[in-house]
Amino acid sequence: MVAKEGVWLTALWMGAALRVSAGLYVGLLASGWAALLPQILAGTWFDANVVVQLYGSQLIYLLLTRLLVAYREQAGRLCLETLALHELAHTDPLTHLANRRSSRNAIKAEPERHPAAEPVSLLLLDLDRFKAINDTHGHEVGGRVLVHVAELLHSHSRKGDQVGRWGGEEFVLLLPNTLLREAQELVERLQGILNANLLEGRYPVSASFGVATAFPEDTADSLVSRADRAMYRSKQAGGNRVVVATAG
């Protein structure tokens, strides 16, 4: 989104810069000839070479300025294209949350961002009966459900929490500096928010939640695996509930 807006603004600025450059030179020509016209009409002598040199040097100056502007424009375009590619690689195109790759990288990087003594918790959730929503109401409604859930998770998460789409109808929340009890309370609050916010007032939304807190011996994969197993137990129990992961 940001990259697209940046490309549009750059293109607009490029056109404006070109028009300003051309306008300046035309203005210089007009003002110069306006100053010389009385002398020409009066037959007063003036040095044409000096005039040619003056306007020639001004033209060269404007051309060099335009080349510099063009170089900066190209550098700006390349920067925006790089940002757009980064966004495509790390952002889910439907929900605009972090995608699975970006979320996994954040989980792996968490030990480097915080001291080992600080607790880290992880939430995985899977929307209940999502296939039935697609089959009954169509994939368009299913897509709106995913966007709806993404917006709720994003707007009700805390500053510093990282929300992502794990894939399909699964979402992930990385909760830095959060003990297991705090994580469980947060997840239960999110569960209530999903239950209370029907999509468009007609489509109920619930999810199966699995939450785990990292042990010192945990890797990113083992932490994800424990949260995933807890989420699966929640789904097996009928969904719309929070299950806390055990050790191992």
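What counts as what
Residues numbered from 1 in each chain as written. Predicted model: local features only at pLDDT ≥ 70, side-chain atom pairs only at ≥ 80, totals over all residues. Heavy atoms only, no water. Helix = DSSP H or I, 4+ residues; strand = E, 2+ residues; numbered from the N terminus. Contact = heavy atoms within 4.5 Å. Polar contact = N/O pair within 3.5 Å; in protein donor to acceptor, adjacent residues only side chain to side chain. Core = buried A, V, L, I, M, F, W, Y, C linked by side-chain atoms within 4.5 Å. Buried < 20%, exposed > 50% of the residue type's maximum accessible area, 1.4 Å probe, protein only.

Student: Kindly report on the overall build of the protein, identifying the contributing residues and their values.
Tutor: Across its full length, the protein carries seven helices and five strands. Along the chain direction, N to C, the helices and strands of the protein fall in the order α-α-α-β-α-α-β-β-α-β-α-β. Looking at the protein alone, contacts between residues at least 24 apart form 67% of all its contacts between residues at least 6 apart.

Student: Break down the side chain of Thr 213 for me, citing the residues and quoting the values.
Tutor: Position of Thr 213 among the secondary structure elements: in strand β4 (residues 207–213). Reaching out from Thr 213, the side chain makes a polar contact with the backbone nitrogen of Leu 180 at a distance of 3.3 Å. The residues touching Thr 213, leaving out its near neighbours within four places in the chain, are Val 120, Ser 121, Thr 178, Leu 179, Leu 180, Asp 218, Leu 223 and Arg 226.

Student: Go over the nonpolar core with me, naming the residues and quoting the values.
Tutor: Leu 125, Leu 127, Val 145 and Phe 171 are the most contacted members of the largest nonpolar core, which totals 30 residues. Within the residue set of this core, elements represented by two or more residues are β1 (120–127), α4 (130–137), α5 (139–156), β3 (170–176), α6 (180–196) and β4. Sorting elements by how many residues they give to this core places α5 first, with seven residues. Those residues in contact with Leu 125 that sit more than four places away from it in its chain are Leu 153, Glu 169, Glu 170, Phe 171, Leu 173, Ala 207, Ser 208, Phe 209 and Met 231.

Functional significance is not addressed by these values, which are geometric in nature.
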